[in-house]
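# Fold and geometry: a report
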Amino acid sequence: MILVCGGAGYIGSHMVHELVRRGEEALVLDNLRSGHRAAVHPKARFVQGDIRDRAVLDNIFSRHDIEAVIHFAASSLVGESVVKPLEYFDNNVGGMQSLLAAMAAHGRDKLVFSSTAAVYGEPERVPILEDDPTRPTNPYGESKLIMEKMMQWVSQAHGVRFVSLRYFNVAGALPDGSLGEDHRPETHLIPLILQVPLGRRARIGIFGDDYDTPDGTCIRDYIHVMDLTDAHQRAIDHLRRGGEGGVFNLGSAQGFSVREMISAAERVVGRPIPTAPEARRAGDPARLVASAAKAAKILGWQPRYTSIEDVISTAWAWHQSHPDGYAE
């Protein structure tokens, strides 16, 4: 059985769907602070609880034959982390400490961690490689880097083997539109863009148009959520085979600016999307683009969604069929 911490969230719920599709048993642990009970696959077991609660984890590991853990349960808003750093360190670092302690105590040795490109901060080069300097520019990225270091030390001391997947901007939804992205508040670019043609907002704000990029807006590497779940499954299988753990970037090695994403969305929805200039957000690097060559070589992973229009199309299918997200 696979324990999915944060399995009611955006990426976690898609991960659980993929596990079930592949015939794996899945148990979801989520406090539903930002996740949705309706997003959890009906064939998965569900426990409502906080990853920082050691008693909850001890109960799960005692009652269930957990072979591996996938960890998505973390606060992840860059801007919020800047104004609420203590909350981020409490939830993210505290949650990792509790989970690692429980895994070590119960002899569980396989962990796949949802990390982030934010650990690199403002990169010295693009595409970014795994051994490039890590200098986070916000508490969110700092908390994830601390969590990675915790896993490294616990791996040496207690044999908890781990794969840390550093990925970039996750996007898209199940192609049939049955599962997708529903954050409250929403901060991800593609859902915010699509709120305009849905009539939920008059225009999309562009946070900074004076970056050192060709059109002045931030450039990011987008990865489809189902490509991401495939990488997590491959990471589990890698650990099952006794493969060496470590850190892997996940991305497309392509960068798209905010303006390019808006133009792509206009092509998908077939109508103009008005924009409005906004001030820069604290802690936003100008460029984040990954080299995923290591993941391709060791995990055998390649993204299947290579067209940004295809990525946006799956998100559009979800938002059209679920304009109020899981509230319906």
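All of the points below concern the structure found in this document. These numbers were taken from a predicted model, which means no experiment stands behind them.

## Side note on the layout of surface pockets
- Counted as a void, the second largest pocket has a volume near 240 Å³.
- Every residue lining the second largest pocket is counted, 16 residues in all, and those nearest its centre are D182, Q195, H319, P323 and G325.
- For the lining of the second largest pocket, the elements supplying multiple residues, two or more each, are α6 (189–195) and α10 (308–321).
- Among the elements that make up the lining of the second largest pocket, the one with the highest residue count is α6 (three residues).
- For the lining of the second largest pocket, the residue count by class is five nonpolar, five polar and six charged.

## Brief notes about the packing of aromatic side chains
- Scanning all chains against the criterion turns up one aromatic pair.
- Between W318 and Y326 the ring centres are 5.0 Å apart and the planes differ by 45°, which places this aromatic pair in the tilted class.
- In this structure Y326 comes out as buried when scored by relative accessible area, which is 17%.
- Directly above the aromatic system of Y211 lies the positively charged group of R280, at a separation of 3.8 Å from the ring centroid.
- The lysine or arginine in question, K294, covers the ring of F248, its NZ or CZ lying 4.8 Å from the ring centre.

## Concerning the side chain of S164
- Secondary-structure assignment places S164 in strand β6 (residues 161–167).
- Within the structure, the side chain of S164 is placed 2.8 Å from the side chain of E148, a separation counted as a polar contact.
- Once residues within four sequence positions are removed from consideration, S164 is found in contact with F113, S115, E148, M151, G246, V247 and F248.

## Brief notes about the environment of R37
- Tracing the backbone shows R37 in the loop between β2 (26–30) and β3 (45–48).
- Residues R37 and G9 lie 28 residues apart in sequence; the distance between their C-alpha atoms is 8.8 Å.
- When residues no more than four places from it in sequence are discounted, the contact partners of R37 are L32 and F46.

## Overview of the sheet that holds strand β9 (residues 219–220)
- A sheet is described by the order of its strands in space; here three strands give the open sequence β12-β9-β14, paired in mixed fashion. Two strands lie at the open edges of the sheet, namely β12 (256–257) and β14 (287–288), each paired on one side alone.
- As judged from the two bridges shared by β9 and β14, these two strands associate in the parallel manner. Bridged to I219 within β14 is R287.

## Some thoughts on the side chain of H319
- With respect to the secondary-structure elements, H319 resides in helix α10.
- The residues touching H319, leaving out its near neighbours within four places in the chain, are E181, P191, L194 and L198.

## Let's talk about the packing of helix α4 (residues 85–106) against helix α5 (residues 139–158)
- It is at 9 Å that the axes of α4 and α5 come closest, and there the two elements cross at 15°. When the axis of α4 is compared with that of α5, the two are roughly parallel. Note that α4 runs across α5; the crossing there is right-handed. Every residue of α5 that contacts α4 at P85, Y88, F89, N92, V93, M96, Q97, L100 and A104 is listed here: P139, Y140, E142, S143, I146, M147, M150, M151, V154 and H158.
- When its residues are assigned to classes, the contact of α4 with α5 shows 14 nonpolar, four polar and one charged.

## Side note on helix α7 (residues 225–240)
- With 16 residues, α7 extends 23 Å from end C-alpha to end C-alpha; this agrees with the ideal 22 Å at 1.5 Å per step.
- In terms of burial, α7 is largely enclosed, as 13 of its 16 residues are buried.
- Downstream of α7 by a residue or two, G242 has a phi angle that is positive, lying close to 85°.

## Overview of unusual backbone geometry
- The peptide bond linking V126 to P127 adopts the cis configuration, its omega dihedral lying at 0°.
- Among the secondary structure elements, P127 is positioned in the loop between β5 (110–116) and α5.
- Note the cis peptide between R184 and P185, where omega equals 0°.
- Relative to the elements of secondary structure, P185 occurs in the loop between β7 (169–171) and α6.
- Even without being glycine, L32 reaches a positive phi, approximately 60°.
- Inspection of the secondary structure puts L32 in the loop between β2 and β3.

## Some details on α5
- Its 20 residues place the ends of α5 28 Å apart at the C-alpha level, agreeing with the 28 Å of an ideal helix rising 1.5 Å per residue.
- What α5 keeps buried is the set P139, Y140, G141, S143, K144, L145, M147, E148, M150, M151 and V154.
- As for α5, its buried residues are in contact with β4 (68–71), α3 (78–83), α4, β5, β6 and β11 (246–250).

## Observations regarding the sheet that holds β2
- Judged by pairing direction, the sheet is parallel, and its seven strands sit side by side in the order β3-β2-β1-β4-β5-β6-β11 without closing on themselves. Looking at which strands have only one partner, the edges of the open sheet turn out to be β3 and β11. Strand-to-strand, the axes of this sheet are offset by a mean angle of 20°, without reference to chain direction.
- As defined by bridge partners, strand β1 (residues 2–5) adjoins β2 across four bridges and the pair is classed as parallel. Bridge assignment links I2 to a residue of β2, and that residue is A26.
- This element, helix α2 (residues 54–63), spans β1, β2, β3 and β4 of the sheet and lies at about 175° to β2.
- On the sheet, α4 packs against β1, β4 and β5 and is oriented at approximately 165° with respect to β5.

Quick notes on the rules
- In every chain, residue numbers begin from 1 and rise along the written sequence.
- Reporting of local features is limited, given that this is a predicted model, to residues whose pLDDT is at least 70; pairs of side-chain atoms are given and counted only at 80 or more, and all residues count toward the totals for whole chains, interfaces and linings.
- Neither water nor hydrogens contribute to the side-chain values; these are computed over all heavy atoms in the structure.
- Put plainly, a pocket is an open set of points on a 1 Å grid over the protein atoms alone with protein on both sides within 12 Å along at least five of seven lines, a cavity is a set where a 1.4 Å probe fits but cannot get out, and a lining residue has an atom within 4 Å of a point.
- Grid points are joined across faces, edges and corners, and a volume is the space filled by probe spheres set on the points.
- Secondary structure is summarised from DSSP: a helix means a run of H or I of at least four residues, a strand means a run of E of at least two, and numbering begins at the N terminus for each.
- Residues are grouped as follows: nonpolar covers Ala, Val, Leu, Ile, Met, Phe, Trp, Tyr, Cys and Pro; charged covers Asp, Glu, Lys and Arg; every other residue, Gly included, is treated as polar.
- Pairing of aromatic rings covers Phe, Tyr and the six-membered ring of Trp, with a centre-to-centre limit of 6.5 Å; geometry is then stacked below 30 degrees between planes, edge-to-face above 60, and tilted otherwise.
- Accessible area is worked out with a 1.4 Å probe on protein chains only. A residue is then buried under 20% of its type maximum, exposed over 50%, and partly exposed in between.
- A positively charged side chain is recorded as over a ring if its NZ (Lys) or CZ (Arg) lies within 6 Å of the ring centre. The angle to the ring normal must also be within 35 degrees.
- A 3.5 Å cut-off defines polar contacts: any pair of N or O atoms within that distance qualifies, except that in protein one atom must be a possible hydrogen donor and the other a possible acceptor, and neighbouring residues in sequence count only when both atoms are side-chain atoms.
- Contacts between residues were defined by any pair of non-hydrogen atoms, one from each residue, lying within 4.5 Å.
- Whether two strands pair comes down to DSSP finding at least two bridges between them.
- Fitting a line to C-alpha atoms yields each axis, with helices limited to the stretch in contact; the angle taken between N-to-C directions then spans 0 to 180 degrees.
- In this scheme, roughly parallel covers angles under 35 degrees and roughly antiparallel covers those over 145, while 65 to 115 is roughly perpendicular and the rest are oblique.
- Here a crossing is taken to be left-handed if its near helix is turned anticlockwise relative to the far helix by less than a right angle, and right-handed if that turn runs clockwise.
- Expected span of a helix, by definition, is 1.5 Å for each gap between consecutive residues, and there is one gap fewer than residues.

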